[in-house]
Amino acid sequence: MPVAVSWSTLGGVASNARATAVRQDADEFTIDELAARTGMTVRTVRFYATEGLLPPPVRRGRVAYYGSQHRMRLDLIRTLQEHGYTLAAIERGLARIPA
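Quick caveat, the model's predicted, so the values are computed rather than measured.

Caption draft 1: Spotlight on the overall build of the chain. When you go through the chain residue by residue, the secondary structure sums to five helices and two strands. Ordering the α and β elements of the chain from the N terminus gives α-α-α-β-β-α-α. Look at the contacts in the chain between residues 6 or more apart in sequence, and 59% of them connect residues 24 or more apart. Split by element, the accessible area of the chain, about 7,100 Å² in all, is 56% carbon and sulfur.

Okay, structure coming up:
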């Protein structure tokens, strides 16, 4: 039996395929997604990146994508802060770890 498919349905499928093609890895997050997953604000993530606590994200056009290594590093920063380490001490420790 033939299936009726509308042009609007095909357009939605095509746009979803484009979005999937642009985001190649399931472990890639925009800054908003990364902040939400780590329980931090976007402003805090940007601050840590500016201070060199996070490696630079991968850029595709105007969008920056952060990976699981960024998420793990933010989790490490949070844990160290909870244990009383200052950002300066964390920065010195992270400088010894390859980005």
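Caption draft 2: Inspection of the confidence of the model for the chain at higher detail. On average, the chain scores 82 in pLDDT, and the residues at 70 or more come to 74%. Here residues 1-21 is modelled with pLDDT under 50, and outside its nearest four sequence neighbours on either side it reaches one contact, counting other chains as well.

Caption draft 3: Up close: the packing of helix H2 (residues 31-38) against helix H3 (residues 42-50). Taken N-terminus to C-terminus, the directions of H2 and H3 make an angle of 105°; their axes are 8 Å apart at the nearest point. When the axis of H2 is compared with that of H3, the two are roughly perpendicular. Counted together, Ile31, Asp32, Leu34 and Ala35 of H2 and Val42, Val45 and Arg46 of H3 form the full contact between these two elements. Tallied by class, the residues present in the contact of H2 with H3 amount to five nonpolar, no polar and two charged.

Caption draft 4: Quick peek at the nonpolar core. Leu34, Val45, Tyr48, Leu53, Leu74 and Ile77 are the most contacted members of the largest nonpolar core, which has 15 residues in total. Taken together, the elements giving at least two residues each to this core come down to H2, H3, helix H4 (68-82) and helix H5 (87-95). For this core, the element with the highest residue contribution is H2, accounting for three residues. Sequence-distant contacts of Leu53, that is, excluding residues within four places in its chain, are made with Tyr48, Arg73, Ile77, Leu87, Ile90, Glu91 and Leu94.

Caption draft 5: Geometry of the packing of aromatic side chains. For the structure shown, the criterion picks out one aromatic pair. Relative to Tyr48, the ring of Phe47 has its centre 6.0 Å away and its plane inclined at 55°; by these criteria the two rings are tilted.

Caption draft 6: Region of interest: the pattern of salt bridges. Scanning all chains against the criterion turns up one salt bridge. One salt bridge in this structure joins Glu28 and Arg60, with 2.7 Å as the shortest N-O distance. On the criterion of sequence distance, the pair formed by Glu28 in the loop between helix H1 (7-22) and H2 and Arg60 in strand S1 (residues 58-60) is long-range, its members being 32 residues apart. We classify Glu28 as buried; its relative accessible area is 11%.

Definitions and limits used
Throughout, residues of each chain are indexed from 1 in the direction in which the sequence is written. It should be noted that, the model being predicted, local features are given only for residues of pLDDT at least 70 and side-chain atom pairs only at 80 or more, the latter also being counted only at that level, while totals for whole chains, interfaces and linings use all residues. Excluding hydrogens and water, the side-chain figures rest on all heavy atoms present in the structure. Elements are defined by DSSP. Helices are runs of H or I of four residues or more, strands are runs of E of two residues or more, and each kind is numbered from the N terminus. Two residues qualify as a contact provided that any one of their heavy atoms is within 4.5 Å of a heavy atom in the partner residue. Residue burial considers only the protein chains on display, and all accessible areas are found by Shrake-Rupley using a 1.4 Å probe. A score from 0 to 100, pLDDT tells how confident the predictor is in each residue. Interaxial angle, 0 to 180 degrees, is taken between N-to-C directions of lines fitted to C-alpha atoms, where a helix line uses only the stretch in contact. Roughly parallel means an angle under 35 degrees; roughly antiparallel means over 145; roughly perpendicular covers 65 to 115; every other angle is labelled oblique. Note on residue classes: Ala, Val, Leu, Ile, Met, Phe, Trp, Tyr, Cys and Pro are nonpolar, Asp, Glu, Lys and Arg are charged, and everything else, Gly too, is polar. By convention a nonpolar core is built from buried Ala, Val, Leu, Ile, Met, Phe, Trp, Tyr and Cys residues, the set being connected through side-chain atoms within 4.5 Å. The classification of residues rests on relative accessible area computed with a 1.4 Å probe and restricted to protein chains. Under 20% of the type maximum is buried, over 50% is exposed, and intermediate values are partly exposed. Pairing of aromatic side chains requires ring centres within 6.5 Å, counting the rings of Phe and Tyr and the six-membered ring of Trp. Pairs whose planes differ by under 30 degrees are stacked, by over 60 edge-to-face, and all others tilted. In what follows, salt bridge is the name for a side-chain nitrogen of Lys or Arg lying within 4 Å of a carboxyl oxygen of Asp or Glu.

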